Amino acid sequence: MLEIGADLLAAVADAAEAAFPDEGCGLLVGSGRRIVRVTEVVTAPNLRRGEASDRFELDPRIRFATERRLRGGDLRIVGHWHSHPDGSARPSASDLAEAWEPDLVWLIVGVTIGFTGQAQAIQILAHRLDRVAGRSHPVPLRLPEKSACNTRGFRG
Ligand SMILES: [Zn+2]
């Protein structure tokens, strides 16, 4: 389970659209293990921007700076996000081949040209990637704003 606020999800979608037609990428900061709660989204330069097909490499300086900032606190890097300009939000073969950190959640944004002619994030899915088995597993997304409606008063 990945719990992420609608505002943070919108920030990821905005950054992914801004990077189009390249892949955008960034880090997810948060806490938790079984239920991973994202509290901050960091956008990072993609060092492999402009390369053909599905390639991204987060600027390691952003990663180190984020780790340094979080050191000693309760928050950590829980995952990262990147976008696919072909509109798919599923891990690609190169994503699976480069999934060196099995603990991280992968949030993938599918971006494509919408009917207005502008880049639009059309789907966002979270995954865990198992590089050794060559498989990915879906991670359910939960928007805390939505679960707040799930009280007794709303039950039919
Ligand atoms: Zn990818």
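Structural data are supplied above this passage.
Right, let's walk through the structure included here. (Residues numbered from 1 in each chain as written. Predicted model: local features only at pLDDT ≥ 70, side-chain atom pairs only at ≥ 80, totals over all residues.)

A short note on the overall build of the protein
Across its full length, the protein carries four helices and eight strands. Element order for the protein, N to C, with α for helix and β for strand: β-α-β-β-α-β-α-β-β-β-β-α. Its C-alpha atoms put the protein at 50 × 45 × 30 Å along the principal axes. Per-residue burial for the protein yields a buried fraction of 29% across its 156 residues. Across the protein, the fraction of contacts at a sequence separation of at least 24, relative to all contacts at a separation of at least 6, is 63%. (Helix = DSSP H or I, 4+ residues; strand = E, 2+ residues; numbered from the N terminus. Buried ≥ 20, exposed ≤ 12 C-beta atoms within 10 Å, placed from the backbone. Contact = placed C-beta atoms within 7 Å.)

Topic: the nonpolar core
Among the nonpolar cores identified, the biggest contains 29 residues, and Val-12, Ala-16, Leu-28, Val-38, Val-105, Leu-107 and Val-109 are the most heavily contacted of them. Dropping the residues within four chain positions of it, Leu-28 is found in contact with Val-38, Val-41, Val-78, Gly-79, His-80, Trp-81, Val-105 and Leu-107. (Core = buried A, V, L, I, M, F, W, Y, C linked by C-beta atoms within 7 Å.)

With respect to unusual backbone geometry
The residue after Phe-20, namely Pro-21, is reached through a cis peptide bond having omega 10 degrees. Residue position: Pro-21 is located in the loop between α1 (6-19) and β2 (25-31).

Considering α1
If you check α1, its first and last C-alpha atoms are 20 Å apart, about what 14 residues at 1.5 Å a residue would give, namely 20 Å. When we look at burial in α1, the residues that qualify are Val-12, Ala-13, Ala-15, Ala-16 and Ala-19. Considered in projection along α1, the buried side chains sweep an arc of 165 degrees and stay on one side of the axis. Among the exposed residues of α1, those oriented more than 90 degrees off its buried face are Ala-6, Asp-7 and Ala-10. In the core, the buried residues of α1 are packed alongside β2, β3 (36-44), β4 (76-84), β5 (105-113) and β6 (119-130). (Expected span 1.5 Å × (residues − 1). Arc of directions from axis to C-beta.)

Section: the environment of Ala-126
Examined against the element boundaries, Ala-126 turns out to sit in strand β6. Owing to 23 C-beta atoms within 10 Å, Ala-126 belongs among the buried residues under this scheme. Considering only alpha carbons, one finds Ala-126 and Pro-138, twelve residues apart in sequence, at a separation of 6.1 Å. If near-sequence neighbours (up to four positions away) are discounted, Ala-126 is found in contact with Leu-2, Val-105, Trp-106, Leu-107, Val-139 and Leu-141.

Some details on the environment of Leu-141
Along the chain, Leu-141 turns up in strand β8 (residues 141-142). The spacing of Leu-141 and Ala-19 is 122 residues in sequence and 23 Å in space, taken between C-alpha atoms. What Leu-141 contacts, discounting residues up to four positions off in sequence, is Leu-2, Ile-4 and Ala-126.

Some remarks on the sheet that holds β2
What the eight strands build is an open sheet, ordered β7-β6-β5-β4-β2-β3-β1-β8; its pairing is mixed. The open sheet has two free edges, formed respectively by β7 (135-139) and β8, since each of these has just one partner strand. Inspection of the sheet shows β4 paired to β5 by six bridges, in the parallel sense. Bridge pairing in β5 places His-82 opposite Ile-108. Seen against the sheet, α1 touches β2, β3, β4, β5 and β6 and runs at an angle of roughly 110 degrees to β6. Together, β2, β3 and β4 form the strand contacts of helix α2 (residues 60-70), whose direction differs from that of β2 by roughly 15 degrees. (Pairing = 2+ DSSP bridges. Axes fitted to C-alpha atoms, helices over the stretch in contact; angles between N-to-C directions.)

By themselves, these are just geometric observations and shouldn't be taken as functional.
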